[in-house]
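Inside the fold
So you can see what is in the structure, the chains are spelled out below.
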Amino acid sequence: MRTARDQLRAVPLVPALFVLPLALDFKSNEVGGSFWQYLLVGLTLLGFAVYMLSHRMPRPRGRFWKFCSLCMFIVLGGSMLSFLVNRPPADQYARVILPFVLFWAAYLVSVSMCNRGRYETLSRLITIGCAISAAFSVPAGFLLSGASTSDVRYQILSPVLIFFEALLLHNIFVTGRRKRVSQLLLAACIGLQLVSVTRSALLALIIVFAATLWLTTPRLGGFIRRGLRMAVPALVVGLAAYQVTVLVAPEIAERWEVRTSTIERSGADPTTLSRLAEMKEQLDRWSSSFTSMLVGQSYGANYTWSKDFWDAMLATQEWRLETVDRERFEFGHNFWTSSLFSGGILFGTALPLLLLYATYTGTADARRLLRQRREPWNYEVQVKATLFLVATLASTIGSNPFALRYSALVGGLALGILVVVRRQLEEQDRAAYAPVRAPRSRRGSYAGAA
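Residues numbered from 1 in each chain as written. Predicted model: local features only at pLDDT ≥ 70, side-chain atom pairs only at ≥ 80, totals over all residues. Heavy atoms only, no water.

1. What about the overall build of the protein?
Summing up its helical and strand segments, the protein has 19 helices and 0 strands in all. Once local pairs closer than 6 in sequence are excluded, the contacts in the protein between residues at least 24 apart make up 76%. Surface accessibility of the protein: about 22200 Å² in total, with carbon and sulfur atoms responsible for 63%. (Helix = DSSP H or I, 4+ residues; strand = E, 2+ residues; numbered from the N terminus. Contact = heavy atoms within 4.5 Å. Areas by Shrake-Rupley, 256 points an atom, 1.4 Å probe, with all protein chains shown as cover.)

2. Focus: the environment of V244
The topology assignment puts V244 in helix α10 (residues 220-248). By relative accessible area, V244 is classed as exposed at 52%. A sequence separation of 53 residues divides V244 from G191, and the C-alpha atoms of the two residues are 7.8 Å apart. (Buried < 20%, exposed > 50% of the residue type's maximum accessible area, 1.4 Å probe, protein only.)

3. Description of the packing of helix α12 (residues 270-286) against helix α16 (residues 335-347)
At a minimum axis separation of 9 Å, α12 and α16 run at an interaxial angle of 15 degrees. Judged by the inter-axis angle, α12 sits roughly parallel to α16. In this structure, α12 meets α16 at a crossing whose hand is left-handed. Two secondary-structure elements touch here, α12 through M279, Q282, L283, R285 and W286 and α16 through T337, S338, L340, F341, G344 and I345. Taken together, the residues that form the contact of α12 with α16 break down as 6 nonpolar, 4 polar and 1 charged. (Axes fitted to C-alpha atoms, helices over the stretch in contact; angles between N-to-C directions. Parallel < 35°, antiparallel > 145°, perpendicular 65-115°, else oblique. Left-handed = near helix turned anticlockwise from the far one by under 90°. Nonpolar A, V, L, I, M, F, W, Y, C, P; charged D, E, K, R; others polar.)

4. A short note on the side chain of T337
Here T337 shows up in helix α16. Setting aside its immediate chain neighbours within four residues, T337 contacts M279, Q282 and L283.

5. Details of the nonpolar core
The biggest cluster of nonpolar side chains holds 105 residues, and the ones touching the most others in it are F18, F100, Y107, V208, L351, F402 and I417. The element contributing the most residues to this core is helix α5 (residues 90-115), with 15 residues. Residues contacting Y107, with those up to four places away along its chain left out, are W65, C68, S69, M72, G412, L413, L415, G416 and V419. In this structure, L273, A277, W305 and V324 belong to the second largest nonpolar core, which totals 7 residues. (Core = buried A, V, L, I, M, F, W, Y, C linked by side-chain atoms within 4.5 Å.)

6. Structural notes on the confidence of the model for the protein
Averaged over all residues, the pLDDT of the protein is 84; the fraction at 70 or higher stands at 84%. Throughout residues 7-11 the model reports pLDDT below 50, and contacts reaching past four residues in sequence, or to other chains, amount to 9 contacts. Confidence drops under pLDDT 50 across residues 441-450; counting only partners more than four residues distant or on other chains, this segment forms 9 contacts. (pLDDT = per-residue confidence, 0-100.)

Shown next as structure tokens:
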């Protein structure tokens, strides 16, 4: 007779309950969030709890696996210590630390599923979730902001749009599955980025595209030649997406021209100035005391924008004084500076180092598999997980993937996949190079010995 645990294991809805709800998430205009967001987070945490109760977590094996688990412990455990030292408002701490908790939870679920051979199920859920989020964010962005195509910005961009583009590039260049559909969807994603007039999103896509070519080309010379050959088709796709976008919304071209002319007129970009003002203030507060430098100001701590940039920001006429002069507590737009500000040297450097090291490790393993031309399935999985991590790093250029819930969750899923695949490769290499010993006789000597 099947036990309750066995019945829960057989239900495919349990991992779906964890992975999919936040695909319908959005950035609320309300300071305290909305009922819909609380519902989505509640469903996600419920899915995680049910999964953890119905599955035994594998023990970390190997240095890389143990290193990733240790970094997770340092980030979350250190955040509580920093909270006790600095005492920010508890609700602010909870809101800011939530994406990190989701990253850790996704990492555990991903490791468990991949270790039990459920990678295909997990990969399908990630694809469905990214597609839903990319489609849902467009109408949700217009409705919540109340803006039209003439002034809407990042609100219509999904927090996992760059992850979805990484999936599409993986289909086009690695597996070759659904290639035409993936190309059309990629052009649509580029069109959304053009409508949003967000340069950092386009730059992140270029980085992921370059990483895709690097991971699918065994030699440096071939990478350079292939990059030059692909530049023309990529430019054609980009121009086609731009022309279609301008045809649907003619004011898009004018918005790009206005944005460029603002830089020429004031000598600075309004968005860049706000990011610099935020970084300067966070670094100043972080370095204000020795204790702060060690443990940070805590996640959820208040900060403002540096007054050194106020005059330049107001001169662009894109900012008002009441917007510039207010306190904030959100995890900032710059991942690297905000990590240091919140966790200090002791606890704020673990996650950045983890992401950099994991991306380097995934890239090295993927290129080794490519050159050896063995285990094509492992190679495909390795490249997909590595591209997700590249997308996470590329997202830090103009935004912060750990300031949003769903992008942090998908990043944790990618890290878990990479950890298990690397462990499997280590075991295969160890088995391939293990010395072959002759069977022992009953007396303890090797069979066939004199």
